[in-house]
Amino acid sequence: MQNDPDTTLITPTAPVSARTHGGRAKCLQRLVRLDLPVPRTVALSFDAVHEIAEGNMPDLRAVVDQFDASALLCVRPSSEDPDWGGPGAVLNIGMNDRLFEELSGTLGEAPAAALYLRFVQSYAVHVARLDPDLFVLEPGDDVSRALKETLDTYEDEAEEQFPQDRAEQLSGVLQAMARAWEGTSARLLRQAKGAPADAGLGLVVQEMIPGIGKGECGSGVLQLADPITGLPQITGRYLSQSQGRDALGAGAEALYLEQDQRGPSLEDEAPEAFSELKIHAALMRKRLREEMQVEFVINGGRVHILDGMRVPRAPRAAVRMAVRLAEDGIITPQEAVMRIDPHAVNELLHRQVDPNAERDVLTTGVAASPGAASGRIVFTSAEAQASAARGEPCILVRRETSPGDIRGMHAAAAVLTEKGGMTSHAAVIGRGLGLPCIVGASSFRFQTKNKQLTAPDGRVFRTGDILTIDGSTGQVLAGEPAMLEAALDDAFLTLMGWADEARDIDIRANADTPADARTARNFNAQGIGLCRTEHMFFEPGRLTVMREMIFAQTSEGRAAVLARLLPMQRDDFAELFSIMEGQPVCIRLFDPPLHEFLPTTRTGQRELAEALDMPVSDVTRRVEAMEEYNPMLGLRGVRLGVTVPEIYDMQARAIFEATLSATHDGEPVVPEIMIPLVSARREVELVKARIDAVAAAVRAEQGRDFDYRLGVMVETPRACLRADEIAPQTAFLSFGTNDLTQMTYGLSRDDAGRFMSDYVQQEVFPEDPFHVLDAEGVGELLRIGVDRGRKANPGITLSICGEHGGNPESISFCRDAGFDYVSCSPFRVPVARLAAAQLAIGHKIGDGLDA
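Residues numbered from 1 in each chain as written. Predicted model: local features only at pLDDT ≥ 70, side-chain atom pairs only at ≥ 80, totals over all residues. Heavy atoms only, no water.

A.B. asks: I'd like a rundown of the packing of aromatic side chains, residues and numbers included.
C.D. replies: Under the defined criterion, the tally for this structure stands at 19 aromatic pairs. A centroid spacing of 5.6 Å and a plane angle of 85 degrees characterise the contact between Phe 119 and Phe 162, whose relative ring orientation is edge-to-face. One end of the pair, Phe 119, is in helix α6 (residues 109-126); the other, Phe 162, is in the loop between α7 (143-158) and α8 (166-181), with 43 residues separating them in the sequence. Comparing Phe 119 with Phe 162 shows no difference in burial state: the two are buried. Linked through ring pairs, Phe 100, Tyr 116, Phe 119, Tyr 123, Tyr 154 and Phe 162 together constitute an aromatic cluster. Lying over the aromatic face of Tyr 256, Arg 237 brings its terminal NZ or CZ to 4.5 Å of the ring centre. Its end group placed over the ring of Phe 706, Arg 699 keeps NZ or CZ at 4.6 Å from the ring centre. (Phe/Tyr/Trp six-rings, centres within 6.5 Å; stacked < 30°, edge-to-face > 60°. Helix = DSSP H or I, 4+ residues; strand = E, 2+ residues; numbered from the N terminus. Buried < 20%, exposed > 50% of the residue type's maximum accessible area, 1.4 Å probe, protein only. Lys NZ or Arg CZ within 6 Å of the ring centre and 35° of its normal.)

A.B. asks: I'd like to hear about the sheet that holds strand β19 (residues 460-462), residue by residue, with values.
C.D. replies: In any sheet, the strands associate via hydrogen bonds between backbone groups, in a parallel or an antiparallel arrangement. Strand order in the open sheet formed by 3 strands is β17-β18-β19, with antiparallel pairing between adjacent strands. A single partner strand is all that each edge strand has here, and the edge strands are β17 (445-447) and β19. Between one strand and the next, the sheet's axes are offset by a mean angle of 15 degrees, whatever the strand orientation. (Pairing = 2+ DSSP bridges. Axes fitted to C-alpha atoms, helices over the stretch in contact; angles between N-to-C directions.)

A.B. asks: Pulling in residues and values, what's your account of the sheet that holds strand β14 (residues 394-398)?
C.D. replies: The strand order across the open sheet built from 8 strands is β11-β21-β20-β13-β14-β15-β16-β12, with neighbouring strands paired in mixed fashion. At either end of the open sheet lies a strand with only one pairing partner, and these are β11 (361-364) and β12 (366-369). Taken over all neighbouring pairs, the strand axes of this sheet differ in orientation by 30 degrees on average, direction set aside. By the bridge criterion, 3 bridges tie β12 to strand β16 (residues 437-439) in an arrangement that is antiparallel. Paired with Ala 367 across the two strands is Ile 438, which belongs to β16. Along the sheet face, helix α15 (residues 381-389) touches β13 (372-378) and β14 and points at about 175 degrees away from the line of β14. (Contact = heavy atoms within 4.5 Å.)

A.B. asks: Tell me about the pattern of salt bridges, and please be specific about residues and values.
C.D. replies: One pass over the full model with this rule turns up 51 salt bridges. Note that Asp 470 is salt-bridged to Arg 359, the shortest N-O span being 2.9 Å. Within this pair, whereas Asp 470 is found in strand β20 (residues 466-470), its partner Arg 359 is found in the loop between β10 (352-353) and β11, the two being separated by 111 residues in sequence. For Arg 359, a relative accessible area of 33% corresponds to the partly exposed category. Among the salt bridges present, the one from Asp 457 reaches Arg 459, with a minimum N-O distance of 2.9 Å. Its relative accessible area of 47% is what places Asp 457 among the partly exposed residues. Through salt bridges with shared partners, a single network forms among Glu 534, Arg 588, Asp 591, Arg 636 and Asp 739. (Salt bridge = Lys/Arg side-chain N within 4 Å of Asp/Glu carboxyl O.)

A.B. asks: Explain the packing of helix α5 (residues 97-106) against α6 residue by residue, including any values.
C.D. replies: Where α5 meets α6, the closest approach of the two axes is 8 Å, and the angle between their N-to-C directions is 150 degrees. The angle between α5 and α6 falls in the class roughly antiparallel. In the crossing of α5 with α6, the sense of the turn from one axis to the other is right-handed. From α5, Asp 97, Phe 100, Leu 103 and Ser 104 reach across to α6, where they touch Glu 109, Ala 112, Ala 113, Leu 115 and Tyr 116. Looking at side-chain class alone, the contact of α5 with α6 contains 6 nonpolar, 1 polar and 2 charged residues. (Parallel < 35°, antiparallel > 145°, perpendicular 65-115°, else oblique. Left-handed = near helix turned anticlockwise from the far one by under 90°. Nonpolar A, V, L, I, M, F, W, Y, C, P; charged D, E, K, R; others polar.)

A.B. asks: Which residues make up the environment of Tyr 238, and what values go with them?
C.D. replies: Locating Tyr 238 in the fold gives a position in strand β7 (residues 232-240). Remark: the alpha-carbon pair of Tyr 238 and Thr 150, spanning 88 residues in sequence, is separated by 28 Å. Setting aside anything within four residues of it in sequence, one finds Tyr 238 in contact with Glu 216, Cys 217, Gly 218, Ser 219, Gly 220, Ala 247, Ala 254, Leu 255, Leu 257, Leu 266, Phe 296 and Ile 298. One polar contact links Tyr 238 to Glu 216, side chain to side chain, over a distance of 2.6 Å. Side-chain polar atoms of Tyr 238 contact the backbone nitrogen of Gly 218, separated by 3.3 Å. (Polar contact = N/O pair within 3.5 Å; in protein donor to acceptor, adjacent residues only side chain to side chain.)

A.B. asks: Tell me about helix α32 (residues 808-817), and please be specific about residues and values.
C.D. replies: Along an α-helix, residues three or four positions apart point the same way, because every turn accommodates 3.6 residues. A large share of α32 lies buried, amounting to 7 of its 10 residues. Those residues of α32 that sit buried are Pro 808, Ser 810, Ile 811, Phe 813, Cys 814, Arg 815 and Ala 817. Near the N-terminus of α32, the side chain that reaches the backbone nitrogen of Glu 809, with its oxygen 3.0 Å away, is that of Asn 807. Count one or two residues on from α32 and you reach Gly 818, which has phi positive near 95 degrees.

Next up, the structure:
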């Protein structure tokens, strides 16, 4: 057997690897190499287990002969990644009538009966596939009598005596575990955890060390770090007269490990064994270079190590553990950075539902913006603002949001919408605000006129009822479960510092408000890559002025009205420049169609008519005249700049005057002005000429000089294809991948959520292209734009400012394609910083291997 790699005794030199025998088998070999007291163990490879599932058994006598004739055995799963799970362990294999009699004499009848009973129950349910209800014991049952009754039940149901031969028992257990792994349910479950469909399973057969007997006997688990916080702390439990992981489910009967005021401890009962355990755990941490959970058994006061595995950990604990290991010199800072999943960083930035809290799940939508919040339901932005004024958290429920809902979103604790996908208005703004958001919850029945929601199970929720939005999972929960607060602690800051030292692509933030800009600064963004100015016009004092401008009949009339907005815009930009302290600020000129600023209800139109002192019929006609069949492809972006140039003139003046105002207090401010939705060179030429003229006028009026950079937001396929014509006119090209994806696919990002999950499940798309950049289709357009733009203007700055900029997979594409920076929502900046660092470190490791 020593020469058979598929069925091998685990020794320091045995041919065992995680890729062929699984992580548990490899870890046990490492523990053996550390000369720790590990019971004798045989490892079965993935190939061997697959053959067992097919009915081809290895030489079981050779396996059994590796152990003493009287030894009990256990079988545990060993998958390549412990997170993929596997069948439950089966203990006490080899227990039979003869051994029961022997152990009754040495241990006592009750302990021996407990060992035998446990095995019979497990074998009956998992191997013989008998009805589990027939083998359930009532609390307080006499264990000896229960054993006899259970054996009788087995014989009646299986129509045969319980197997007495250890090899036969082992054969049944191995076959059951192998076939369970290859079953459909198990395959789907592990695929949901990221495992490939054909992932293999190894099995380890280990000698049982009785945790039941005379003297100090029992079992438990120990770890040196808290799995929730990651702080150094001995945690775990120990249960006398027990086996396996019984201590974890024993409740009040289990002992603490360290001395504890709350109750008795292992340190009190067996101080030498506890001291030995701590030494073993510290050695495992150092040599295995990981925070380890130690599964142990004590028999007659002697410690045995049954298994070691990574401590299960919450994201906040993972960060602190990695940082502590690096600070202790066990791993390098670069390794610490590589150990943290960038997606999990989201959970550190927001409140989360406590993992231990009960969840009353009503439905699941698209998890559009991470974090969790509870609050009372409101159905309008006005109600949200009123709720905030009372100091009451609320959940804003809308069919879909629009720019007019911005104030309500600011006031709400979370947002829930019936429609939308990852780049819908609610999703983008929610991520920008750090606001938990679920969109596309179409299984709910939204009755906004009646102000009620009907859940799929028929429960009805009305204004004032409490819901919880878990934007990290997409789950809508009834009630108010316990929460964990955000965890931006010293360990997080240390890790992000190491990440910044490693990464080789800049990270900016999309920030529309001073609050967004402060958040970006707090997360160490390297500037603002996209400031959407249209949101500034929805403030109550500005909206009426904006509507008045829309109703102006002449260019002079529009300019006069916009002049009243100029000081407000100037103050907006001056505050952004001040907050960013000389870092670049890229301001996108006005983009949305003007009809979005007009009221759609009769009440709103009457109020506007009163404000403008004109007949309601005139207002209604103007609103109807401005309606568009497809406004996202209509009169918006640069098309407004060409046909209604007074808006861009006012914004350019506001930017330049704010530039001079902010420059008084330090280094010169160099604003970046971005023209949206460009498709043709002539559009750029027309807008550029007017902006240059405004700049010249401001210089003359102020008697001071300033610099600025003019660029284009590339959102149309034509702009990518004609980048060689557009690039010479500009200092930068910033690719807006939200609209570019929408136009490339001919797919509305606001409606895609209705069917996107079906498309992904049926493998039409590998991922939602609004969430993960489509590297093949949209990516080809991006590469064309980058190549042609850089050839025409070698010094041009290239970036992405769509929501893809915060997605780790998309950052990989951007880095490979040669972009200078990515820009994303402020709360995704840390995710992007970490992902970019991991890509740079991985690239260096790859170069080292190639060398």
